[in-house]
Amino acid sequence: GAVVSQHPSRVICKSGTSVKIECRSLDFQATTMFWYRQFPKQSLMLMATSNEGSKATYEQGVEKDKFLINHASLTLSTLTVTSAHPEDSSFYICSARVQGTDSPLHFGNGTRLTVT
Amino acid sequence: AQSVTQLGSHVSVSEGALVLLRCNYSSSVPPYLFWYVQYPNQGLQLLLKYTSAATLVKGINGFEAEFKKSETSFHLTKPSAHMSDAAEYFCAVSLTGANNLFFGTGTRLTVIP
């Protein structure tokens, strides 16, 4: 079955530094990937839609200059949290769908970001 | 606009007992509805989805959900809980067939031995 891989699974960084999270579709191509953020004991909130070869679409209230998204190939999207602050600490999850189908979204296992 | 409301942030059942997790939706057009399960520090796994083909939807791991338009509900059930069912469950709605999902706040299921 379709697998979405996220890396790293956990990352701790110091305030002011940047962190890159990778989302890969391992055995399928995805022109669109989605990035979610989940705070403790809360639901997933869609942050942005990543489009291969074009700019990402951000949800209202999400700072595009802080959360940089790059979707350079059909199997890889990256989310970079720039100048991270403690309030950015969260669980980030990506998802993708097999290109050209109406199959369900496949989710990665998430990345736990802790900013100290 | 579309949204889902999950009643009960935490549900506890005994092993072997019926599992019932509630979800009500709000949508201006016929929605697509989903149930996902999340185990600790993992992503989400699709349990089942409703796409208007049948009101009673059967999913993986013995779960099923019934779409009731008159009640705007899509409750998740399982006849007999297993210890392995302990997890967080999310109901989600989409108007576009699952590209843009809006999630409920989740229900944590605890199974008591």
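Conventions and cut-offs
- Residues numbered from 1 in each chain as written.
- Chains lettered and ligands numbered in written order.
- Predicted model: local features only at pLDDT ≥ 70, side-chain atom pairs only at ≥ 80, totals over all residues.
- Heavy atoms only, no water.
- Helix = DSSP H or I, 4+ residues; strand = E, 2+ residues; numbered from the N terminus.
- Rg over C-alpha atoms; globule rule 2.2 N^0.38 Å.
- Contact = heavy atoms within 4.5 Å.
- Areas by Shrake-Rupley, 256 points an atom, 1.4 Å probe, with all protein chains shown as cover.
- Buried area = accessible area lost by both parts, 1.4 Å probe.
- Salt bridge = Lys/Arg side-chain N within 4 Å of Asp/Glu carboxyl O.
- Polar contact = N/O pair within 3.5 Å; in protein donor to acceptor, adjacent residues only side chain to side chain.
- Core = buried A, V, L, I, M, F, W, Y, C linked by side-chain atoms within 4.5 Å.
- Buried < 20%, exposed > 50% of the residue type's maximum accessible area, 1.4 Å probe, protein only.
- Disulfide = S-S within 2.5 Å.
- Phe/Tyr/Trp six-rings, centres within 6.5 Å; stacked < 30°, edge-to-face > 60°.

**What about the overall build of chain B?**
A tally of regular secondary structure across chain B gives 0 helices and 11 strands. Seen in sequence order, chain B has helices and strands lined up from the N terminus as β-β-β-β-β-β-β-β-β-β-β. Expected size for 113 residues packed as a compact globule is a radius of gyration near 13 Å; at 13 Å, chain B falls within 12% of this value. For the C-alpha atoms alone, the extent of chain B along its principal axes is close to 40 × 30 × 20 Å. Sequence-distant contacts, at least 24 apart, represent 56% of the contacts inside chain B between residues at least 6 apart. Total accessible area on chain B stands at roughly 5,300 Å², and carbon and sulfur atoms take up 54% of it.

**Structural notes on the interface of chain B and chain A**
In this complex, chain B contributes 17 residues to the contact, which on the side of chain A involves 20 residues. Together chain B and chain A conceal approximately 1,500 Å² of surface at their shared face, both sides included; 50% is due to carbon and sulfur atoms. For the interface between chain B and chain A, the tally reads 0 salt bridges. There are 2 residue pairs in polar contact (both at pLDDT 80 or more) connecting chain B and chain A.

**So, the nonpolar core**
Within the largest apolar cluster, 26 residues are counted, with the highest numbers of intra-cluster contacts made by B:Trp35, B:Leu48, B:Phe74, B:Leu76 and B:Tyr89. For this core, the elements supplying multiple residues, two or more each, are strand 2 (10-14), strand 3 (19-26), strand 4 (32-38), strand 5 (44-50), strand 7 (64-68), strand 8 (73-78), strand 9 (87-94) and strand 11 (107-112) of chain B. With sequence-adjacent residues up to four places away left out, B:Tyr89 is seen in contact with B:Gln6, B:Leu21, B:Trp35, B:Tyr36, B:Val37, B:Leu47, B:Phe63, B:Leu76, B:Gly106, B:Thr107 and B:Leu109. Formed by 25 residues, the second largest nonpolar core is a distinct cluster that contains A:Ala56, A:Val62, A:Val81 and A:Val115.

**Overview of the state of the cysteines**
Residues and elements named next belong to chain A. The full count for this structure, using the stated rule, is 2 disulfides over all chains. Two residues share a disulfide in this structure: Cys23 and Cys94, whose sulfurs sit 2.0 Å from each other. Across the disulfide from Cys23 to Cys94, rotation about the S-S bond amounts to roughly 80 degrees, and the bridge is consequently right-handed. On the criterion of sequence distance, the pair formed by Cys23 in strand 3 (residues 19-25) and Cys94 in strand 9 (residues 90-96) is long-range, its members being 71 residues apart. For Cys23, a relative accessible area of 0% corresponds to the buried category.

**Brief notes about the pattern of salt bridges**
Residue and element names in this part refer to chain B. Applying the stated criterion across every chain yields a total of 5 salt bridges over all chains. With a closest N to O distance of 2.8 Å, Lys78 and Asp85 form a salt bridge. The exposure class assigned to Lys78 is buried, which follows from its relative accessible area of 7%. Owing to a relative accessible area of 2%, Asp85 belongs among the buried residues under this scheme. For Glu88, the salt bridge goes to Arg108, with nearest N and O atoms at 3.0 Å.

**Brief notes about the packing of aromatic side chains**
For the coordinates displayed, the defined rule picks out 12 aromatic pairs over all chains. For the ring pair A:Tyr36 and A:Phe107, a centre distance of 5.9 Å and an interplane angle of 45 degrees mean the geometry is tilted. A residue pair is termed long-range when its members are at least 10 positions apart, and A:Tyr36 in strand 4 (residues 32-38) and A:Phe107 in strand 10 (residues 106-107) qualify at 71 residues. A relative accessible area of 0% places A:Tyr36 in the buried class. Judged by relative accessible area, which is 8%, A:Phe107 ranks as buried. Arranged with centres 5.6 Å apart and planes meeting at 20 degrees, the rings of B:Tyr25 and B:Phe67 form a pair that is stacked. Of this pair, B:Tyr25 sits in strand 3 while B:Phe67 sits in strand 7; the two residues are 42 residues apart in sequence, bridging distant segments of the chain. B:Phe67 shares its class with B:Tyr25; the two are buried. Put simply, the rings of A:Tyr36, A:Phe107, B:Phe34, B:Tyr36, B:Phe90 and B:Phe103 touch in pairs and so form one group of aromatic residues.

Remember, this is a structural readout, not a statement about activity or role.
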